[in-house]
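Chain and residue survey
Now for the letters of each chain:
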Number of protein chains: 2
Amino acid sequence: MNKKPSTRPDAESDHVALAEYRASIDNIDASLIYLMAERFKITEKVGEYKKEKGLPAASIDREQEQFDRMKKLAAEAGVDQEFMGKFLRFVIDEVIRRHERIKER
Amino acid sequence: MNKKPSTRPDAESDHVALAEYRASIDNIDASLIYLMAERFKITEKVGEYKKEKGLPAASIDREQEQFDRMKKLAAEAGVDQEFMGKFLRFVIDEVIRRHERIKER
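What counts and how
Residues numbered from 1 in each chain as written. Chains lettered and ligands numbered in written order. Predicted model: local features only at pLDDT ≥ 70, side-chain atom pairs only at ≥ 80, totals over all residues. Heavy atoms only, no water. Core = buried A, V, L, I, M, F, W, Y, C linked by side-chain atoms within 4.5 Å. Buried < 20%, exposed > 50% of the residue type's maximum accessible area, 1.4 Å probe, protein only. Helix = DSSP H or I, 4+ residues; strand = E, 2+ residues; numbered from the N terminus. Contact = heavy atoms within 4.5 Å. Phe/Tyr/Trp six-rings, centres within 6.5 Å; stacked < 30°, edge-to-face > 60°. Axes fitted to C-alpha atoms, helices over the stretch in contact; angles between N-to-C directions. Parallel < 35°, antiparallel > 145°, perpendicular 65-115°, else oblique. Left-handed = near helix turned anticlockwise from the far one by under 90°. Nonpolar A, V, L, I, M, F, W, Y, C, P; charged D, E, K, R; others polar. Least-squares fit on C-alpha atoms with pLDDT ≥ 70 in both.

Now for the nonpolar core. With 59 residues, the main nonpolar core has A:Met84 and B:Met84 as its most contacted residues. For this core, the secondary structure elements donating two or more residues are helix H1 (16–53), helix H2 (60–77) and helix H3 (81–104) of chain A together with helix H1 (16–53), helix H2 (60–77) and helix H3 (81–104) of chain B. Sequence-distant contacts of B:Met84, that is, excluding residues within four places in its chain, are made with A:Ile33, A:Met36, B:Met70, B:Ala74 and B:Val79.

Further remarks concern the packing of aromatic side chains. Scanning the model with the defined rule gives nine aromatic pairs over all chains in all. Ring centres 5.0 Å apart and planes at 85° place the aromatic pair A:Phe40 and B:Phe83 in the edge-to-face group. Taken together, the residues span two chains, with A:Phe40 in helix H1 and B:Phe83 in helix H3. Here A:Phe40 matches B:Phe83 in class, with each residue buried. Measuring from centroid to centroid gives 5.4 Å for A:Phe90 and B:Phe83, while their planes differ by 25°, and the two rings are stacked. Of this pair, A:Phe90 sits in helix H3 while B:Phe83 sits in helix H3, which puts the two residues in different chains. For the pair A:Phe90 and B:Phe83, one class covers both residues: buried.

Here the focus is the packing of H3(A) against H1(B). When two helices pack together, their arrangement is given by the angle between their axes and by how far apart the axes lie. Close contact between H3(A) and H1(B) brings their axes to 12 Å; oriented N to C, the two are set at 135°. Put simply, H3(A) runs oblique to H1(B). For the element pair H3(A) and H1(B), the recorded crossing hand is right-handed. On H1(B), the residues touching A:Phe83, A:Met84, A:Phe87 and A:Leu88 of H3(A) are B:Asp29, B:Ile33, B:Met36 and B:Phe40. Split into classes, the residues belonging to the contact of H3(A) with H1(B) amount to seven nonpolar, no polar and one charged.

Attention now goes to the relation of the copies chain B and chain A. Rotating chain B by 180° and translating it 0.0 Å along the rotation axis places it on chain A, where the RMSD comes to 0.0 Å. The symmetry that links the two subunits is that of a two-fold axis. Across chain B, the rotation axis passes nearest the C-alpha of B:Leu32, at a separation of 3.3 Å. When the interface residues of chain B are mapped onto chain A, 100% of them again fall at the interface, so both copies present the same face.

Spelled out as structure tokens, the structure:
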């Protein structure tokens, strides 16, 4: 990057360390996006399968397993369990909405 | 797995294909959790840096860049942009909350 220093006294672009952190965050975000794409490809198949077999869009037993597993992994990875719980809920809710849409097709 | 078939007529455990999909989803979720752990390790450093340099917890310019980039990557990866937008917002809001807490320390 051949950026000229900004004339603003507190311009974030002057902060090299910040730019390096952000480059790593951007790499991680790209990985997250590609993983989410793969995850939805599989949950789409789950939705089709559930429709075919007449299974409900949501499964409380499966969700419980997912949350229990997530808590264990979050503890191992050193990431906040409460945040990861909200994160998983957010993703699962989207998946259930999609499964319901698949059933209505 | 040496599971006995369930006596419930519609037990999900009888569905081998579903179990295979779920095993892949579990692998992806483990990867997501470990990536999120790494992401928070970096944003924690960003928070400390911002505190030290007196930079604001949130940056509208940076966020705009992140959302623009996410849209491009989501299109390439074939994942819903609207969902990924909500996902990124959810993560960034948590990061800003943490940056604010770091400042108050």
